[in-house]
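A look at the structure
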Amino acid sequence: MLARFSISFEGILKIPIGTAYAVWTGIGASGTFLVGMLFFGDPSSLMRYLGVLLIVAGVVTLKLAH
């Protein structure tokens, strides 16, 4: 966990804080969705997949716009 924080802190110094926060929360939201679905039996549907896809697309767009 310390290594992950160190890497993310270094990244924040190189990119705008808004982009860093969006990337951090986007990865967390997408990862939580996948873990919940794969390991805890959370329901899956086309709309849920589309929602996660939009989150990932938004994060990628923010990063490319940097």
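Residues numbered from 1 in each chain as written. Predicted model: local features only at pLDDT ≥ 70, side-chain atom pairs only at ≥ 80, totals over all residues. Heavy atoms only, no water.

1. Structural notes on the overall build of the protein
Here is the rule we go by: Where helices and strands are cited, they refer to DSSP runs of H or I of at least four residues and of E of at least two residues respectively, numbered from the N terminus. The cut-offs for exposure are 20% and 50% of the maximum accessible area for each residue type, with area from a 1.4 Å probe on protein chains only; residues under the lower value are buried, those over the upper are exposed, and the others partly exposed.
The helix and strand tally for the protein stands at 3 helices and 0 strands. Across the 66 residues that make up the protein, the buried fraction comes to 18%.

2. A few points about a nonpolar patch on the surface
Convention followed: Residues forming no salt bridge and having over 30% relative accessible area are the ones grouped into patches, like charges within 9 Å of each other and nonpolar side chains (Val, Leu, Ile, Met, Phe, Trp, Tyr) within 5 Å. Method for areas: the Shrake-Rupley scheme with a 1.4 Å probe, in which residue coverage is limited to the protein chains shown. By convention in these notes, a salt bridge is any Lys or Arg side-chain nitrogen within 4 Å of a carboxyl oxygen on Asp or Glu.
Taken together, the side chains of Leu34, Val35, Leu38, Phe39 and Phe40 make up a nonpolar region of the molecular surface, amounting to roughly 570 Å² of accessible area. Take Phe39: it is sitting in helix H2 (residues 17-39).

3. Observations regarding H2
Rule in force here: Given the number of residues in a helix, its expected span is that number minus one, multiplied by 1.5 Å.
Between its terminal C-alpha atoms H2 stretches 32 Å, which fits the 33 Å expected from 23 residues at 1.5 Å a residue. Positive phi appears at Gly41, one or two residues downstream of H2, with a value of about 70°.

4. A closer look at the confidence of the model for the protein
Detailed reading of the predicted model is not advised wherever pLDDT is low. Our working definition: pLDDT measures the predictor's confidence residue by residue and takes values from 0 up to 100.
Taken as a whole, the protein shows an average pLDDT of 84; of its residues, 82% reach a score of 70 or greater. At the level of individual helices and strands, the protein shows its lowest average pLDDT in helix H1 (residues 2-14), which scores 66, and its highest in helix H3 (residues 46-65), which scores 90.

5. Observations concerning the packing of aromatic side chains
Rule in force here: Each pair of aromatic rings taken from Phe, Tyr and Trp, with Trp reduced to its six-membered ring, is defined by centres within 6.5 Å and is described as stacked if the planes are under 30 degrees apart, edge-to-face if over 60, and tilted in the remaining cases.
Per the counting criterion, the structure on display carries 1 aromatic pair. Relative to Tyr49, the ring of Phe33 lies with its centre 5.8 Å away and its plane at 90°, an arrangement referred to as edge-to-face. Of this pair, Phe33 sits in helix H2 while Tyr49 sits in helix H3, placing them 16 residues apart in sequence.

6. Remarks on the side chain of Thr19
Note on placement: Thr19 falls in helix H2. Note on Thr19: relative accessible area 9%, which makes it buried.

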